[in-house]
Amino acid sequence: MAATLRIQSDWSRALSRDEGEAWLSCRSPGKATLYGSVTRRGLSSDGVPDIVASEGFVVGEITKKSILISCPHENVSTKFLAPYTSFCRIHQKSITCLDISSGGGLGVSTSTDGTMKIWQAANGEIRRLLEGHVYDVNCCRFFPSGLVVLSGGMDAQLKIWSAEDASCVVTFKGHKGGILDTAIVDRGRNVLSCSRDGTARLWDCGQSSCLGTIADCGSPVNGIAVGTADSSLNLGSPENPPSEREVGTEGKILLLAREDKKLQGVGLQSRQPVFLFIGSDAFNCCTFLSSTYILAGTQDGNIYQLDVRNTNAPIQVIHRSGAPVLSLLPYRDGFIASQGN
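- The chain appears in an unreviewed UniProt entry as PAAF1 factor from Setophaga kirtlandii.
- According to the UniProt record, the Sequence similarities (unreviewed entry) comment for the chain is "Belongs to the WD repeat PAAF1/RPN14 family."

## Regarding the pattern of salt bridges
- This model, assessed by the stated rule, comprises ten salt bridges.
- Measuring nitrogen to oxygen at the nearest pair gives 3.5 Å for the salt bridge that ties Glu-74 to Lys-31. Within this pair, whereas Glu-74 is found in the loop between β6 (66-71) and β7 (76-81), its partner Lys-31 is found in the loop between β2 (21-27) and β3 (34-43), the two being separated by 43 residues in sequence.
- One salt bridge connects Arg-245 with Asp-204, and the closest N-O pair in it is separated by 2.7 Å. One end of the pair, Arg-245, is in the loop between β20 (221-228) and β21 (252-258); the other, Asp-204, is in strand β18 (residues 199-204), and 41 residues separate them in sequence.

## What to know about the UniProt feature "repeat: WD" (unreviewed entry) in the chain
- Within the UniProt annotation, "repeat: WD" (unreviewed entry) is assigned to residues 88-129, 130-171 and 172-204.
- Each end of residues 130-171 is marked by a C-alpha atom, and these two atoms are 13 Å apart; helix forms 0% of the span and strand 52%.

## Remarks on the domain arrangement of the chain
- Along its sequence, the chain is organised into domain 1 (4-81) and domain 2 (95-339).
- Here the C-alpha centre of domain 2 lies 36 Å away from the C-alpha centre of domain 1.

## Quick notes on the packing of aromatic side chains
- For the structure shown, the criterion picks out five aromatic pairs.
- Their ring planes at 70° and their centres at 5.2 Å tell us that Phe-277 and Tyr-304 sit as a pair that is edge-to-face. You can see Phe-277 sitting in strand β23 (residues 273-278) and its partner Tyr-304 sitting in strand β26 (residues 302-307), a full 27 residues away along the chain. You'll find Phe-277 and Tyr-304 in the same group, each marked buried.
- Pairwise contacts between aromatic rings join Phe-277, Phe-283 and Tyr-304 into one cluster.

The rules behind each value
Residues numbered from 1 in each chain as written. Predicted model: local features only at pLDDT ≥ 70, side-chain atom pairs only at ≥ 80, totals over all residues. Heavy atoms only, no water. UniProt positions renumbered as here; feature names shortened; annotations may be inferred. Salt bridge = Lys/Arg side-chain N within 4 Å of Asp/Glu carboxyl O. Helix = DSSP H or I, 4+ residues; strand = E, 2+ residues; numbered from the N terminus. Domains from an automatic or database assignment. Phe/Tyr/Trp six-rings, centres within 6.5 Å; stacked < 30°, edge-to-face > 60°. Buried < 20%, exposed > 50% of the residue type's maximum accessible area, 1.4 Å probe, protein only.

As structure tokens, then:
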């Protein structure tokens, strides 16, 4: 397990002025945490900050938007990136979920302040307030068109909204507990949801109806992801012919990140179990890296990489800290993870 180098979250603001200071820490498992700081002494002639570190840390490459810091004692270095821009007036409290439209023009987000808003991605200008859920809204995402939003809340309702006029065009009811995550199948004629009630359900947007329960786990399902399965994977056969209202479910596998420490794969059309992997703690989130490789994150900070063709043992387990892994997103040849610290 590698050492982890951290800098305080608002470091770019702290170092935006002369003599500004930001705190550092380097933690290696089983050892005492090393603490230090970085201080800005001024600006160079080309406008790049002149920054020095306290004993035990070394400042490397510096640009206007990044800083490379090393801890030679633990042989670890990290490049820290400053925000490209920050929007501070969209929500009053913590943001719990967000998504960006496929064209990049709009953002949608939910917050512990009880609101769900659509805003301009370029400048943070609020465009729409989506009101209709009772209690907290847990998840939101754009349809591929970028004109429609899917949301799920603690009121056990799944809703579809127009991003153009903020109207709620469809409400799905059927879950017995709060909805924790959603997924969209292909272009969005069908959508998926998972809930605290332990089920994952498939919905028909055109007829506002439930097409079936994909899985009933007996434990809250915290996150789901749908992807095209590798052709060598046996997804099973459906017990009954699928509804003609099911669009794009063939050849798909649904991942279920479960509260009972289990990560499950289910054939989306067949409803048949494909694999069951037991982790170290509750699974919070999951995603596909490809048709064969998947990722899943746990409450105790582990990120598991698995091959869906053989889930007996993970390809690797990444553990940067003990903070809960809250979300995972494929990015280029790797991924981005958010954690509770």
